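# Observations on chain architecture
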Amino acid sequence: MRLEEIIKGISTIQLLYLSDSYLRDFQAVTITIQPEGKNNAYLVLNRTTFHPKAGGQPSDTGFITSPNFRIEVKKAILVDGVVVHYGKIIEGKPGTTSNERVKGEIQWNPRYKYMKRHTAAHLLDHCLTTIIGKPVETTDSWLGDQCYIGYNGDAPTNDHLREAEVIANQMITRGGNVNIENVSQEELLKRAPNAPNIYRLPHLEEYRIVTIQGCNPIPCAGTHLRDLKEIGQFTAIRLEKLASSFRVYYDIK
Ligand SMILES: [Zn+2]
């Protein structure tokens, strides 16, 4: 079944991870359930904290349970702003009725690791900007294993990358709040004119600004830590030079 058909008529759902990235379980009601064969199903809920594979972040996994069924969610897919859960039916039979009360729960360990890697990515942007002396421009990132951030332009030297790593770890040890607010486009351009991703943002009514203590504000819809301390330790693993860009492979622990 095509995903566009599953979300037909659904304009919006509530994305709970945007207001609380630490939320692990939630109550919701089903909007649609589409079985696939005997063992699998697609589900859309009125609200979810399952983060889809998007913006370099791998999909959350977990469970959706009702009195009639239990589904192991293998992936969450973003389709026109709607999250579609896909998984294996491990108990009962979901049927196709809407308005059924369910409980959702995500597997926390991988999600928390992505939150650490994502927040660390912003920290690396900040530290590279500080060392190089001009704002960096990001191209893409991957928060799964072989985690990296891509940047436009010439690669820094290995010494510069080491210096950025040292500053990042000093900031992690010191700790710092991560603050989130929603602002207009005008306010965004005023407050974050040199953000690393500013030139590749979609046009929106409202933008989410994330400010890590000690860093410039950045527009971002990702899942962040509350405090830099939670990253633990940042390690720049290697630099990969591409034609007109470069990647920094890194990790946290
Ligand atoms: Zn972010």
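## Side note on the overall build of the protein chain
Helix and strand counts for the protein chain stand at five helices and 15 strands. Relative to the 2.2 N^0.38 estimate, which gives 18 Å for 253 residues, the radius of gyration of the protein chain is 20 Å and therefore close to what a compact globule would have. With the C-alpha coordinates of the protein chain rotated into their principal frame, the extents come out at 60 × 35 × 35 Å. A separation of at least 24 residues holds for 66% of the contacts in the protein chain among residues at least 6 apart in sequence. Of the charged side chains in the protein chain, 30 are positive and 28 negative, and the gap between their average positions amounts to 5 Å.

## Focus on the sheet that holds strand β13 (residues 218-219)
With antiparallel pairing, the three strands of this open sheet are ordered in space as β11-β12-β13. Two strands bound the open sheet, and with one partner strand each, they are β11 (178-183) and β13. For β11 and strand β12 (residues 207-212), the ladder comprises six bridges, and the chain directions are antiparallel. Note on β12: the bridge partner recorded for valine 183 is tyrosine 207.

## Quick look at the coordination of the zinc ion
In the first shell of the zinc ion, the protein supplies His118 (NE2), His122 (NE2), Cys220 (SG) and His224 (NE2), at 2.0 to 2.2 Å from the metal. Metal-centred angles of 102 to 119° between the four donor atoms at the zinc ion mark the site as tetrahedral. Mapped onto the polypeptide sequence, the residues donating to the zinc ion form the spacing pattern H-x3-H-x97-C-x3-H. A residue pair is termed long-range when its members are at least 10 positions apart, and histidine 118 in helix α3 (residues 108-132) and histidine 224 in the loop between β13 and β14 (234-241) qualify at 106 residues.

## Some thoughts on the pattern of salt bridges
Overall, the coordinates contain twelve salt bridges when judged by the stated rule. The partner of arginine 111 in a salt bridge is aspartate 60, and the shortest N-O contact between them spans 2.8 Å. Of this pair, arginine 111 sits in helix α3 while aspartate 60 is found in the loop between β4 (47-48) and β5 (62-65), placing the two residues 51 residues apart along the sequence. Each of the two residues, arginine 111 as well as aspartate 60, counts as buried. Between glutamate 165 and arginine 162 there is a salt bridge, and its shortest N-O distance comes to 3.2 Å. Taken together, the residues span about one helical turn, with glutamate 165 and arginine 162 both in helix α4 (residues 158-174) at a distance of three residues. Look at arginine 162 and you get partly exposed, because its relative accessible area is 38%. Put simply, Lys113, Arg117, Asp145 and Asp251 are held in one network by salt bridges that share partners.

## A word on the packing of aromatic side chains
Taken as a whole and assessed by the stated rule, the structure comprises eight aromatic pairs. Each ring, one from tyrosine 42 and one from tyrosine 86, has its centre 4.7 Å from the other, and the planes form 45°; the classification is tilted. On the criterion of sequence distance, the pair formed by tyrosine 42 in strand β3 (residues 40-45) and tyrosine 86 in strand β7 (residues 82-92) is long-range, its members being 44 residues apart. Residue tyrosine 42 shares its accessibility class with tyrosine 86, and that shared class is buried. For the ring pair phenylalanine 234 and tyrosine 250, a centre distance of 5.5 Å and an interplane angle of 25° mean the geometry is stacked. Of this pair, phenylalanine 234 sits in strand β14 while tyrosine 250 sits in strand β15 (residues 245-252); the two residues are 16 residues apart in sequence, bridging distant segments of the chain. Here phenylalanine 234 falls in the buried class, since its relative accessible area comes to 1%. Ring pairing ties together the aromatic residues Tyr22, Trp108 and Tyr112, which thus form one cluster.

## Points about the domain arrangement of the protein chain
Domains assigned within the protein chain are domain 1 (3-106) and domain 2 (111-252). Listed as interface residues are 15 residues of domain 1 and, on the opposing side, 15 residues of domain 2. When residues of domain 1 are sorted by the area they lose upon contact with domain 2, Tyr22, Gln57 and Pro58 head the list and together hold 44% of the total. Counting across the interface, domain 1 meets domain 2 through one salt bridge. Seen at the junction of domain 1 and domain 2, the total is nine residue pairs in polar contact (both at pLDDT 80 or more). Looking at the side of domain 1 that touches domain 2 residue by residue, the classes come out as five nonpolar, seven polar and three charged.

Cut-offs applied
Residues numbered from 1 in each chain as written. Predicted model: local features only at pLDDT ≥ 70, side-chain atom pairs only at ≥ 80, totals over all residues. Heavy atoms only, no water. Helix = DSSP H or I, 4+ residues; strand = E, 2+ residues; numbered from the N terminus. Rg over C-alpha atoms; globule rule 2.2 N^0.38 Å. Contact = heavy atoms within 4.5 Å. Lys, Arg positive; Asp, Glu negative; His and termini not counted. Charge placed at Lys NZ, Arg CZ, Asp CG, Glu CD. Pairing = 2+ DSSP bridges. Donors = N, O, S within 2.8 Å, 3.2 Å for Na, K, Ca; no water. Tetrahedral: all angles 85-135°; square planar, octahedral: opposite > 155°, others 65-115°. Salt bridge = Lys/Arg side-chain N within 4 Å of Asp/Glu carboxyl O. Buried < 20%, exposed > 50% of the residue type's maximum accessible area, 1.4 Å probe, protein only. Phe/Tyr/Trp six-rings, centres within 6.5 Å; stacked < 30°, edge-to-face > 60°. Domains from an automatic or database assignment. Buried area = accessible area lost by both parts, 1.4 Å probe. Polar contact = N/O pair within 3.5 Å; in protein donor to acceptor, adjacent residues only side chain to side chain. Nonpolar A, V, L, I, M, F, W, Y, C, P; charged D, E, K, R; others polar.

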